[in-house]
Amino acid sequence: MALNRLISAGRLLRRSGWTGSRRFSAHAAKGSSIDGIKDIIAVASGKGGVGKSTTAVNLAVALANACHLKVGLLDADIYGPSIPTMMNLQGKPEVSADRMMIPVENHGVRCMSIGFLVDKDAPIVWRGPMVMSALEKLTRGVAWGDLDILVVDMPPGTGDAQLSISQRLQLSGALIVSTPQDIALIDARRGANMFRKVEVPILGLIENMSCFKCPHCGEKSYIFGNGGAQRTADELDMKFLGEIPLEQDIRSSSDEGHPIVLAAPNSSVAKAYTDVAEKVTKRLTELEEERRLGPEILL
Ligand SMILES: Nc1ncnc2c1ncn2[C@@H]1O[C@H](COP(=O)(O)OP(=O)(O)OP(=O)(O)O)[C@@H](O)[C@H]1O
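Residues numbered from 1 in each chain as written. Predicted model: local features only at pLDDT ≥ 70, side-chain atom pairs only at ≥ 80, totals over all residues.

For the protein chain, the helix and strand inventory stands at 10 helices and 9 strands. Counting all 299 residues of the protein chain, 45% fall into the buried class. (Helix = DSSP H or I, 4+ residues; strand = E, 2+ residues; numbered from the N terminus. Buried ≥ 20, exposed ≤ 12 C-beta atoms within 10 Å, placed from the backbone.)

Right, dumping it as structure tokens:
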């Protein structure tokens, strides 16, 4: 059954123009943009399970609903797609007459994920080249339409897929998500350094699960350590974009497919995500201005 679903996912990718033969070039220099999309940003973490997808979803929804932008969300985590659940979306995307997949929309965000193409329980047992071809199709084989921002929920780590995405797409910037724990911050540094190597600007570091506030007595516990992410951001000369606490409502609203920024828009957590979204748009405007003024300064 699971195998049948994988085969049918392959068929859908082929029907929409994917041949399986296109590969990411390991030597691609600067990535290229996608027609109609102004900025593409990556949400990344060196380590898995630190809340990268939760951050990507809440950021995308805040950019769409609080900042009133046209937003897309690409789930690039082929082996562990979580966007369909977190955005409460199911079903296969339609394919247009010109063989492009139509993104599936909820909460004002246009989404694409391998999770729409394969069964929920099917193990994705694809080798690297297949993953990269699928990523190419999920990125460029999609009729995104005009977007202000495409948020890419990156796979965890700094492997082949992460490097290829960073080289193939013209990323305006990358956000690094980490918990304050040393072991996560070491990997966050690796992630940040990978983006630097391929000359993608780092928009900043978000500390997730910064502390746990007891719902009964209100006491704060710094389960994963305290202040580490701020120090790492300073050391690596990155902006510290904010801290998101460890809260049951963040987890439960994600599981229900109703991100906390919408489920509890007046909560301090929703405000923290909105604040990050505003800082991101501000930084993107600055970077755009720097790019625009750069040649004039040189002249
Ligand atoms: N601030 C938070 N408070 C409570 N739960 C959280 C928070 N951030 C993330 N979670 C929960 O932690 C789990 C992992 O989060 P998430 O899937 O976003 O991590 P990830 O880094 O994208 O993982 P992966 O490496 O598997 O892609 C999820 O169950 C999510 O709901």
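Looking now at the site of the ligand. Around the ligand sit 20 residues in total, of which Gly48, Gly51, Lys52, Ser53 and Thr54 are the nearest. Put simply, the parts of the chain that give the shell around the ligand at least two residues each are helix H2 (52-65), strand E7 (202-213), strand E9 (240-246) and helix H8 (248-255). Residues belonging to the shell around the ligand are distributed by class as follows: 6 nonpolar, 10 polar and 4 charged. (Near = placed C-beta within 6 Å. Nonpolar A, V, L, I, M, F, W, Y, C, P; charged D, E, K, R; others polar.)

Let's shift gears to the nonpolar core. Judged by nonpolar contacts, the single largest core of 78 residues is most densely connected at Ile41, Ala60, Val151, Val152 and Ala174. Among all residues touching Val152, those that are not within four sequence positions of it are Ile40, Ile41, Ala42, Val43, Leu74, Ala76 and Ile165. (Core = buried A, V, L, I, M, F, W, Y, C linked by C-beta atoms within 7 Å. Contact = placed C-beta atoms within 7 Å.)

Glancing now at the environment of Gly157. In this structure, Gly157 sits in the loop between strand E5 (147-153) and helix H5 (160-168). The partly exposed category is assigned to Gly157, around which 17 C-beta atoms lie within 10 Å. Gly157 sits 112 residues away from Ser45 along the chain, and the two C-alpha atoms are 6.4 Å apart. Excluding residues that lie within four positions of it along the chain, Gly157 makes contacts with Gly46 and Gln162.

Attention now moves to H8. Every buried residue belonging to H8 is among Ile250, Ser253 and Ser254, and all of these are buried. Taken around the axis of H8, the buried residues stretch over an arc of 100°, which confines them to a single face. For H8, the exposed residues lying more than 90 degrees away from the buried face are Gln248, Ser252 and Asp255. Positive backbone phi, at 75°, marks Gly257, one or two positions downstream of H8. (Arc of directions from axis to C-beta.)

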